[in-house]
Amino acid sequence: MKESSDGTLWLGTYGQGLYAYQRNNNSLRHYLYDANNPSSISSNIITSITEDSHQQIWLTTEGNGFCKLNRDQTFTRYLPSRRFPCEITCAMIEDAKGYLWITTTKGLICFNPHTSDYIIYKKSDGLTDNHFTYNSRYTDSNGKTYLGCINGMIAFNPYEMKTNRYMPDVFITGLTVMGTNKDFSGNGESVLTTKKIS
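Residues numbered from 1 in each chain as written. Predicted model: local features only at pLDDT ≥ 70, side-chain atom pairs only at ≥ 80, totals over all residues. Heavy atoms only, no water.

A. Representation of unusual backbone geometry. Within the chain, Asn135 stands out as a residue other than glycine whose phi angle is a positive 55 degrees. Examined against the element boundaries, Asn135 turns out to sit in strand β13 (residues 132-139). (Helix = DSSP H or I, 4+ residues; strand = E, 2+ residues; numbered from the N terminus.)

B. Representation of the pattern of salt bridges. Scanning the entire structure with this criterion turns up two salt bridges. Between Arg23 and Glu3 there is a salt bridge, and its shortest N-O distance comes to 2.3 Å. Of this pair, Arg23 sits in the loop between β3 (18-22) and β4 (27-31) while Glu3 is found in strand β1 (residues 2-3), placing the two residues 20 residues apart along the sequence. Relative accessible area serves as the criterion here: at 42%, Glu3 is assigned to the partly exposed category. In this structure, Glu87 engages Lys106 in a salt bridge whose closest nitrogen and oxygen atoms are separated by 3.4 Å. (Salt bridge = Lys/Arg side-chain N within 4 Å of Asp/Glu carboxyl O. Buried < 20%, exposed > 50% of the residue type's maximum accessible area, 1.4 Å probe, protein only.)

C. Inspection of the environment of Ile119 at higher detail. Tracing the backbone through its elements, the reader meets Ile119 in strand β12 (residues 118-121). A residue is classified by how much of its surface remains accessible, and Ile119, at 29% relative accessible area, is partly exposed. Spatially, the C-alpha atom of Ile119 lies 15 Å from that of Asp95, the residues being 24 residues apart in sequence.

D. Highlighting the sheet that holds strand β7 (residues 66-69). Spatially, four strands are ordered β5-β6-β7-β8 in an open sheet, and the strand pairing comes out antiparallel. Each having just a single partner strand, β5 (46-51) and β8 (75-78) make up the two edges of the open sheet. Ignoring strand direction, the axes of neighbouring strands in this sheet form an average angle of 20 degrees. Pairing of strand β6 (residues 57-61) with β7 involves four bridges; the strand directions are antiparallel. Bridge assignment links Thr60 to a residue of β7, and that residue is Phe66. (Pairing = 2+ DSSP bridges. Axes fitted to C-alpha atoms, helices over the stretch in contact; angles between N-to-C directions.)

E. Spatial organisation of the confidence of the model for the protein. Here the protein averages 88 in pLDDT, and 90% of its residues register 70 or above. Averaged pLDDT values for the elements of the protein fall to 77 in strand β17 (residues 180-182) and rise to 97 in β6. (pLDDT = per-residue confidence, 0-100.)

F. Expanded view of the sheet that holds β4. If you walk across this open sheet you meet the four strands as β1-β2-β3-β4, and the pairing is antiparallel. Edge positions in the sheet fall to β1 and β4, since each has one partner strand and no second. Of the strand pairs in this sheet, β3 and β4 are connected by five bridges, and their pairing is antiparallel. Paired with Ala20 across the strands is Arg29, a residue of β4.

G. How the structure looks around the packing of aromatic side chains. All told, the structure shown has eleven aromatic pairs when counted by the stated rule. Taken together, the aromatic side chains of Trp58, Phe66, Tyr78 and Phe111 make up a single cluster linked through ring pairs. (Phe/Tyr/Trp six-rings, centres within 6.5 Å; stacked < 30°, edge-to-face > 60°.)

H. Spotlight on the side chain of Asn70. When you line up the elements, Asn70 lands in the loop between β7 and β8. Here Asn70 falls in the buried class, since its relative accessible area comes to 17%. Those residues in contact with Asn70 that sit more than four places away from it in its chain are Gln56, Phe75 and Thr76. (Contact = heavy atoms within 4.5 Å.)

In structure tokens form, the structure reads like this:
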């Protein structure tokens with residue numbers, strides 16, 4: 001449950017979509033996933049609700065990425081794909097620069113809502129775990145962010161996150177085919193230009 005800045009109570013459910021209750025006029029609106037409507041909510045299983053600094057409502061879901069509620073009551077979906085391989089998004093939190101940090105079961109995403117660019121951080125980048133828990137997020141008064149994992153918690157300051165842009169050279173130093181080491185160094189040719197490897 002989340003109360004937004006306009007007083008609306010947002011209730012995310014596990015299987016019944018999203019409800020918005022407006023206390024000022026006692027009205028209830030229900031949002032459900034519709035496979036035939038790409039502007040509907042992306043899933044009926046809501047794992048967290050976030051309001052950003054522009055009073056935009058964002059939802060993380062189980063099984064179908066995350067989505068944003070637009071002013072016209074339609075949704076913009078950010079769905080799993082080969083480029084974005086995170087079906088289960090667990091929680092979302094905004095930093096002071098307006099970036100959205102989204103926890104998933106496959107790592108931590110830093111998402112730019114203005115450009116839709118993102119970076120995925122994993123254990124290989126220094127995280128203690130790739131698998132986060134639902135709706136578990138907090139930012140303290142110093143800007144430090146705390147995110148719950150299935151094996152504990154991680155804490156970091158978004159301003160201190162560094163992206164390694166170094167692209168190392170790639171060298172092929174060996175080749176194994178069906179359990180047998182293949183020799184391509186004795187013929188004096190580069191493995192890139194040789195036509196046969198013995």
